[in-house]
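Architecture at a glance
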Amino acid sequence: MQGIKLILLHDVFCPIYTVSSGLTARVVRAEAKRGERVLDLGTGSGLQAIIAALNGARVIATDINPQALRCARINALINGVGDRVTFKLGDLFDPVEGKSFNLIVFTPPYLWGLPRNIRERGWFYGEGGLLLKFLSEAKEYLRPGGRILLTYSTIADESLLKHGLRLYGWHSTIMASRNTPLERIYVLKLIRR
Ligand SMILES: C[S@@+](CC[C@H](N)C(=O)[O-])C[C@H]1O[C@@H](n2cnc3c(N)ncnc32)[C@H](O)[C@@H]1O
């Protein structure tokens, strides 16, 4: 995918049949710079972490799904960047407490509904607190001049997103978007107001 070789393990978010991963990957390729510290939050198969590492960034890839981290670690090795990506298990920013980044990449699960298992945590946002928690805490993990790439969709709760951006003082710019028969998916760049 986009020149990256990927294997996929059971229960890991599949980046191949979803528009969001490829769209995000194109923006990450343009944004992540050599020497930067990048957080790929909710790494899934590791695609975004690998692209940032291939650009020369030092990356921490996290996920709440242990199987995703196994998968991402294998994919980083296959693509020759195993030494530039560190993998950490945990919820949102818990695994990177006290660290800061030039770039944070996150595609939150944005479908309405309760996840029934770990695989579905890649898709369904459950009680809905995840996005607001992310937007409220992210500033503590950004270096001066740092930015966030957040991928979202018109089938998600866009009023919640707008509310969170306003409430927590984020300025957003659309970096890329793509229409499918069901939705428009877009990648936002967020910077502090
Ligand atoms: C929509 S998928 C995106 C995967 C990958 N970033 C990509 O572009 O293909 C969301 C990912 O976030 C992870 N995730 C869900 N809730 C999380 C949380 N609270 N903390 C960390 N990761 C989480 C899921 O396990 C899944 O791998």
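Quick note: structure is the one above.
Each chain has its residues counted from 1, running along the sequence as written. Whole-chain, interface and lining totals are the exception, using all residues; otherwise, since this is a predicted model, local features are given only for residues with pLDDT of at least 70 and side-chain atom pairs are given and counted only at 80 or more.

**Section: the nonpolar core**
Generally speaking, soluble globular proteins have nonpolar side chains that are buried together. Among the nonpolar cores identified, the biggest contains 52 residues, and V38, A49, A52, A53, V59 and I104 are the most heavily contacted of them. Here, residue contact means that the backbone-derived C-beta atoms of the two residues sit within 7 Å. Not counting the four nearest positions on each side in its chain, A53 is found in contact with V59, A76, V81, R84 and V85. Here, a nonpolar core means buried Ala, Val, Leu, Ile, Met, Phe, Trp, Tyr and Cys residues linked by C-beta atoms lying within 7 Å of one another. Whether a residue is buried, exposed or partly exposed is read from the other C-beta atoms within 10 Å of its own C-beta, which are placed from the backbone; 20 or more gives buried, 12 or fewer gives exposed, and intermediate counts give partly exposed.

**A word on the pairing of strand β7 (residues 184-192)**
Two strands form a pair only when DSSP identifies at least two bridges running between them. A run of H or I in DSSP counts as a helix once it spans at least four residues, and a run of E counts as a strand once it spans at least two, with each numbered from the N terminus. Both strand β5 (residues 142-153) and β7 contribute to a ladder of six bridges, which runs antiparallel. Residue pairing for β7: I148 is matched across the bridge by L190. For strand β6 (residues 170-179) and β7, the ladder comprises nine bridges, and the chain directions are antiparallel. The partner of T173 across the bridge, within β7, is K189. Taking the residues between adjacent antiparallel strands as the criterion, β6 and β7 are bridged by four residues.

**Focus: the environment of I74**
Looking at where I74 falls in the secondary structure, it is placed in helix α3 (residues 66-78). A tally of 17 C-beta atoms within 10 Å means that I74 is categorised as partly exposed. Separated by 82 residues in the primary sequence, I74 and A156 have C-alpha atoms spaced 31 Å apart.

**Focus on the site of the ligand**
Looking at the ligand, there are 23 residues lining it, with P15, S21, G42, G44 and G122 nearest. Secondary-structure elements contributing two or more residues to the shell around the ligand are α1 (19-31), α2 (47-54) and β2 (58-63). For the shell around the ligand, the per-class residue count stands at nine nonpolar, 11 polar and three charged. Each residue gets a C-beta atom placed from its backbone. Should that atom fall within 6 Å of a molecule or strand, the residue is termed near it. Residue polarity is assigned by list, with Asp, Glu, Lys and Arg as charged and Ala, Val, Leu, Ile, Met, Phe, Trp, Tyr, Cys and Pro as nonpolar; anything else, Gly included, falls into the polar class.

**Quick word on the packing of helix α4 (residues 129-137) against helix α5 (residues 158-167)**
Between N-to-C directions, angles cover 0 to 180 degrees, with each direction set by a line fitted to C-alpha atoms, over the stretch in contact for helices. The contact between α4 and α5 brings their axes to 9 Å, and the two run at 20°. One finds that α4 runs roughly parallel with respect to α5. α4 and α5 meet at a crossing whose hand is right-handed. Contacts between α4 and α5 pair L131, L132 and L135 from the former with L160, L161, G164 and L165 from the latter. Split by residue class, the contact of α4 with α5 holds six nonpolar, one polar and no charged. Roughly parallel here means an angle under 35 degrees, roughly antiparallel means over 145, roughly perpendicular means 65 to 115, and every remaining angle is called oblique. Handedness of a crossing is defined here by the sense of rotation of the near helix relative to the far one, left-handed for an anticlockwise turn of less than a right angle and right-handed for a clockwise turn.

**Section: the sheet that holds strand β1 (residues 37-41)**
A sheet is described by the order of its strands in space; here seven strands give the open sequence β3-β2-β1-β4-β5-β7-β6, paired in mixed fashion. Of all strands in the sheet, those with a lone pairing partner are β3 (85-89) and β6, marking the two edges. Mean inter-strand twist for the sheet, computed between neighbouring axes without regard to direction, equals 20°. Two elements, β1 and β2, share five bridges in a ladder whose sense is parallel.

**Focus on α4**
The periodicity of an α-helix, 3.6 residues per turn, causes residues three or four positions apart to be oriented the same way. For α4, every residue scored as buried is listed here: L131, F134 and L135. Looking straight down α4, one finds its buried side chains confined to an arc of 95°; they lie on one side. Residues of α4 that are buried make contact with β4 (101-106), α5 and β6. It is the directions from the helix axis to the C-beta atoms that the arc portrays.

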